[in-house]
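Coordinates in review
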Amino acid sequence: MAIPLTKIIFPYNIHMQKTFPLKYHVPTPITGSQVPFLRLARREDRRQKCREVIALSQEDNCTVAELDIKEAKDNNEEITIPKEPERKLADIWRDIHGVDDWDGMLDPLDPLLRSELIRYGEMVQACYDAFDFEPFSKYCGCCKYAPSEFFECLGMTQHGYQVNSYIHATYNINLPNIFQRSLRPDAWSHTANWIGYIAVSNDEMSEHLGRRDITIAWRGTKTKLEWIADFMYFLRPITLKKIPCPDPRVKVESGFLNLYTNKDQSSQICKCSAREHVLEEVRRLISQYQNENLSITITGHSLGSALAILSAYDIAETGVDVMDDGQAVPICVFSFAGPRVGNTRFKERFAQLGVKVLRVVNIHDKIPEAPGLFLNEHIPPMLRKLGEASLWFYSHVGVELTLDHKSSPFLKETNDLACYHNLEGHLHLLDGYQGKGQRFVLTSGRDIALVNKQADFLKDHLLVPPNWQQHENKGLVRNNEGHWVQRERLNLGDYP
């Protein structure tokens, strides 16, 4: 939050000079008069107090700089605030991408890492915002926008990416908590759902990032947490679905594996599986940009997190990430509120392939605890070997960044587990998280109203209505005859 010039100048008028005599005077551009000016500084013995002041600034609606000025006035002292050297994302992008497993970047949370986590989280949130959930719509279950106008329609052109293709998935059993289907007989599809997209950073964004970034964003589940019950099956060898792996003991949850690899020859949209489409498109993009610095960033929320981890493993294991010169493109997964995906062997093989995963979780969210609620990486070592022999022993991959929604003064007490799992809630927590034991302080100016976009999580006195995001007229438009009809969309067969 910038400090208005008048807040600095007007408090130090002629009357205040008598109370706070200072050595230095500067003419103001507003009055032209001579007014005292503070030289701000920070002393070592004030560091702890400043941490407390940062937290209080949230309540008083003041910036840290304003509070420094107030304290200097009270103590009649001169202080200096040294400027930290400006870091560029292009210079440290490999650290942000997890080359050292985010060592020293999580506590306290590195500001650039925070902004990148929020940015990729917003790219996942775009999947929810663009998804047609309306069962009376002919297009229920697909994306509301064409790839060429995706970010523009969502007001996200500042992200600097262009969508290259959409990802669709199909499943051979009924999954009402995951797959949305239209009630209309002329629906675009009765077996497929849009489940994500593949995008590439444009030239300007690539210069800012320090590399050309290929991003794969996977849609998860918006509110219904019952979906996890559909994926509480046993582990299966990953090789059963023709995903190569030198270790036959590497296993993943069978439901996730089916969703990633299933296809429907009778469907125009899903003649190839999500897996086949992702591998083909990533291979093409790497070939197209092989003379540039490249990265592959895969992100997802909830169920989408599981698919992000599976696709990251698959890209690395099949060697799609290897360029013509033999160099491998670095792969990173930013996971939000994701479940466990595979067993201990899967975790070990994942690490051997050099794929980096940072999992952002709310400690009160139950989805990251499943599957493997009782048999997981946290059981005592003596019992672990027995557990690993079963078909129900799961283990998380990567590094975990644990958040706590109870640390935010903006969120209310609720028993709604869907709020704990909500993606916008996670992004809000990232914005205010400073480190373990530190007070919650919003840093980026991100609008807190976004928390209630698809939830009822903000305290009532903030006066933000719950679930405020609504599709205008539920997609109906008025035609030339005055009738309300559904707008026709681009033929989905034309989507790349």
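Conventions we followed
- Residues numbered from 1 in each chain as written.
- Predicted model: local features only at pLDDT ≥ 70, side-chain atom pairs only at ≥ 80, totals over all residues.
- Heavy atoms only, no water.
- Patch = residues over 30% accessible without salt bridge, like charges linked within 9 Å, V, L, I, M, F, W, Y side chains within 5 Å.
- Areas by Shrake-Rupley, 256 points an atom, 1.4 Å probe, with all protein chains shown as cover.
- Salt bridge = Lys/Arg side-chain N within 4 Å of Asp/Glu carboxyl O.
- Helix = DSSP H or I, 4+ residues; strand = E, 2+ residues; numbered from the N terminus.
- Buried < 20%, exposed > 50% of the residue type's maximum accessible area, 1.4 Å probe, protein only.
- pLDDT = per-residue confidence, 0-100.
- Contact = heavy atoms within 4.5 Å.
- Phe/Tyr/Trp six-rings, centres within 6.5 Å; stacked < 30°, edge-to-face > 60°.
- Pairing = 2+ DSSP bridges.
- Axes fitted to C-alpha atoms, helices over the stretch in contact; angles between N-to-C directions.

Turning our eyes to something else, we now look at a nonpolar patch on the surface. A surface patch of nonpolar side chains, amounting to about 710 Å² of accessible area, comprises Tyr 233, Phe 234, Leu 373, Phe 374, Leu 375, Leu 391 and Trp 392. Positionally, Phe 234 belongs in the loop between strand 5 (212-218) and strand 6 (235-237).

A cis geometry characterises the amide bond from Asp 107 onward to Pro 108, with omega recorded as 0°. Checked against the element boundaries, Pro 108 lands in the loop between helix 5 (89-96) and helix 6 (111-130). The residue after Ala 370, namely Pro 371, is reached through a cis peptide bond having omega -20°. Relative to the helices and strands, Pro 371 is located in the loop between strand 10 (356-362) and helix 13 (381-388). One non-glycine residue with positive phi stands out, namely Asp 101, at about 55°. Mapped onto the elements, Asp 101 comes out in the loop between helix 5 and helix 6. You can call Asp 101 partly exposed: its relative accessible area is 38%. For Asn 473, which is not glycine, the phi torsion reads 55° and is therefore positive.

The pLDDT averaged across the chain works out to 82; a share of 78% of its residues lies at or above 70. Per-residue pLDDT stays below 50 along residues 53-69; that stretch engages in 34 contacts with residues further than four places along the chain or on separate chains.

A word on the packing of aromatic side chains. The tally for this structure, following the rule as stated, stands at 14 aromatic pairs. A centroid spacing of 6.3 Å and a plane angle of 65° characterise the contact between Trp 218 and Tyr 260, whose relative ring orientation is edge-to-face. Residue Trp 218 is found in strand 5, and its partner Tyr 260 is found in helix 9 (residues 254-261); the two are separated by 42 residues along the sequence. The pair formed by Trp 218 and Tyr 260 is uniform in burial state, with each residue classed as buried. Aromatic ring contacts, followed pair by pair, group Phe 131, Phe 133, Phe 150, Phe 151, Tyr 166, Trp 194 and Tyr 197 into a single cluster.

Our next topic: the pattern of salt bridges. Two side chains that carry opposite charge are able to pair once their charged atoms sit near each other. The full count for this structure, using the stated rule, is 23 salt bridges. The salt bridge involving Arg 87 is made with Asp 110; its shortest N-O contact spans 2.9 Å. Within this pair, whereas Arg 87 is found in the loop between helix 4 (64-75) and helix 5, its partner Asp 110 is found in the loop between helix 5 and helix 6, the two being separated by 23 residues in sequence. Of the residues examined, Arg 87 reaches a relative accessible area of 40% and is grouped as partly exposed. A salt bridge links Arg 211 to Asp 213; the nearest nitrogen and oxygen atoms lie 3.8 Å apart. By relative accessible area, Asp 213 is classed as buried at 0%. Among the charged side chains, a network of salt bridges with common partners joins Glu 122, Asp 129, Glu 424, Arg 446 and Lys 453.

Before going further, it helps to examine the sheet that holds strand 10. Within the open sheet, the 7 strands sit side by side as 3-4-5-8-9-10-11. Their pairing is mixed. Only two strands of the sheet have a single neighbouring strand rather than two, namely strand 3 (161-170) and strand 11 (399-403). Sheet twist, expressed as the average angle between the axes of neighbouring strands with direction ignored, equals 15°. Pairing of strand 5 with strand 8 (residues 294-301), which is carried by 7 bridges, proceeds in the parallel orientation. Residue pairing in the sheet places Arg 212 in a bridge with Leu 294 of strand 8. Against the sheet, helix 10 (residues 274-288) engages strand 3, strand 4 (192-201), strand 5 and strand 8, with an angle of about 160° to strand 3.

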